[in-house]
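Each chain is listed here by its residues.
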Amino acid sequence: MPTLHRYTNRDLPDHFAHQIRDFIRIHWFDAFQYDVRASAVSDHLSPVYFVMAEDPALFSHAAAVTRSVECNGQTYSCGGLSAVLTYPAFRKRGYASQVVQAATDHLSSSEFDVALLWTSPENERFYSRFGWEHRPAIRTFGGSQTSPEFYNAFTMIRLLSPRAAKNQADFESRQVYVGPHAW
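In this report, the structure presented in the accompanying data block is examined.

Quick notes on the overall build of the protein
A count of helical and extended segments in the protein gives five helices and 10 strands. Relative to the globule expectation of 16 Å for 183 residues, the C-alpha radius of gyration of the protein, 16 Å, shows essentially globular dimensions. With respect to the principal axes defined by its C-alpha atoms, the protein has extents near 45 × 35 × 30 Å. Here the protein holds 183 residues, and 47% of them are scored as buried. Across the protein, contacts joining residues at least 24 apart in sequence account for 69% of those joining residues at least 6 apart. When the accessible area of the protein is evaluated, it comes to approximately 9800 Å², of which 49% is carbon and sulfur surface. Seen as two clouds, the 17 positive and the 18 negative side-chain charges of the protein have centres 4 Å apart.

Structural notes on the pattern of salt bridges
Inspection of the entire model under this criterion finds three salt bridges. In this structure, the salt-bridge partner of Arg135 is Glu133, at a minimum N-O distance of 2.9 Å. Residue Arg135 is classed as buried on the basis of its relative accessible area of 13%. Given the relative accessible area of 38%, Glu133 is considered partly exposed. Here Glu172 makes a salt bridge to Arg135, at a shortest N to O gap of 3.0 Å. With Glu172 in helix 5 (residues 168-173) and Arg135 in the loop between strand 6 (133-134) and strand 7 (139-142), this residue pair connects regions lying 37 residues apart in the sequence. Classification of Glu172 as partly exposed rests on a relative accessible area of 27%.

What about helix 2 (residues 95-109)?
For helix 2, with 15 residues, the first-to-last C-alpha span of 21 Å sits near the 21 Å given by 1.5 Å per residue. Among the residues making up helix 2, those that are buried are Tyr95, Ala96, Ser97, Val99, Val100, Ala102, Ala103, Thr104, His106 and Leu107.

A closer look at helix 1 (residues 14-27)
An ideal rise of 1.5 Å per residue puts 20 Å on 14 residues; helix 1 measures up with 20 Å between its terminal C-alpha atoms. Within the span of helix 1, buried status applies to Phe16, Ala17, Gln19, Ile20, Arg21, Phe23 and Ile24. Looking at the buried residues of helix 1, the elements they touch are strand 1 (3-8), strand 2 (48-54), strand 3 (57-71) and strand 4 (74-86).

Comments concerning the environment of Glu111
If you trace the backbone, Glu111 turns up in the loop between helix 2 and strand 5 (114-119). Glu111 sits in the exposed class, given a relative accessible area of 78%. Measuring from C-alpha to C-alpha, the distance between Glu111 and Gly79 comes to 9.0 Å, with 32 residues separating the pair along the chain.

Quick word on the state of the cysteines
Counting across every chain of the model gives zero disulfides. Cysteine Cys71 shares no disulfide, and the gap to the nearest cysteine sulfur, in Cys78, comes to 11 Å.

Observations concerning the nonpolar core
Counting 56 residues, the largest nonpolar core has Leu12, Tyr49, Val51, Val69, Trp132, Phe171 and Trp183 as the members making the most contacts within it. Secondary-structure elements contributing two or more residues to this core are helix 1, strand 2, strand 3, strand 4, helix 2, strand 5 and strand 9 (154-159). Each residue touching Leu12, except ones within four places of it in the same chain, is listed here: Tyr7, Ala17, Ile20, Ala40, Tyr49 and Val51.

Observations regarding the packing of aromatic side chains
For the structure on display, the rule yields 10 aromatic pairs. Taken together, the aromatic side chains of Phe59, Phe90 and Tyr95 make up a single cluster linked through ring pairs. Above the plane of the ring of Phe150 lies Arg139, whose end atom (NZ or CZ) is 4.2 Å from the centre.

Reading the values: rules and limits
Residues numbered from 1 in each chain as written. Predicted model: local features only at pLDDT ≥ 70, side-chain atom pairs only at ≥ 80, totals over all residues. Heavy atoms only, no water. Helix = DSSP H or I, 4+ residues; strand = E, 2+ residues; numbered from the N terminus. Rg over C-alpha atoms; globule rule 2.2 N^0.38 Å. Buried < 20%, exposed > 50% of the residue type's maximum accessible area, 1.4 Å probe, protein only. Contact = heavy atoms within 4.5 Å. Areas by Shrake-Rupley, 256 points an atom, 1.4 Å probe, with all protein chains shown as cover. Lys, Arg positive; Asp, Glu negative; His and termini not counted. Charge placed at Lys NZ, Arg CZ, Asp CG, Glu CD. Salt bridge = Lys/Arg side-chain N within 4 Å of Asp/Glu carboxyl O. Expected span 1.5 Å × (residues − 1). Disulfide = S-S within 2.5 Å. Core = buried A, V, L, I, M, F, W, Y, C linked by side-chain atoms within 4.5 Å. Phe/Tyr/Trp six-rings, centres within 6.5 Å; stacked < 30°, edge-to-face > 60°. Lys NZ or Arg CZ within 6 Å of the ring centre and 35° of its normal.

What follows is the structure in structure tokens.
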């Protein structure tokens, strides 16, 4: 019977880390091109992994990450949802719902101002079940802060703090800078 586990980079078992990296390399082919032994998610993002598994097989995974973002001259603490995956043999069984719910609950219970994720339009209905909203006007940017590049992805958001909710119009009318790299 598969069970839900929570890990950090310090205690993520190697066999799960390998399976997460393998899936990421297949789906997001530009990741891990040069270091196949790197952390599944970089340490600087302070990842918390939510893993649905029947040891040693990983069925589904989602990572909650930490980053600061900037919008309209203000810095916000941001949680992100990253590397959501379910291996094809284990799809349509509710495992992705369990890891996304756990990761979303973690982000909501932390002291983040805002939470972001990037996905594709066909996944909007799935993520909206967990309180994520697509706001078409939100435009995220990354890369060099002096010359940021538009991150062309389907962005979903959760405004978690009163300050972020109060400044909702800024998120929808100004650039949201996420740092040198997206997660």
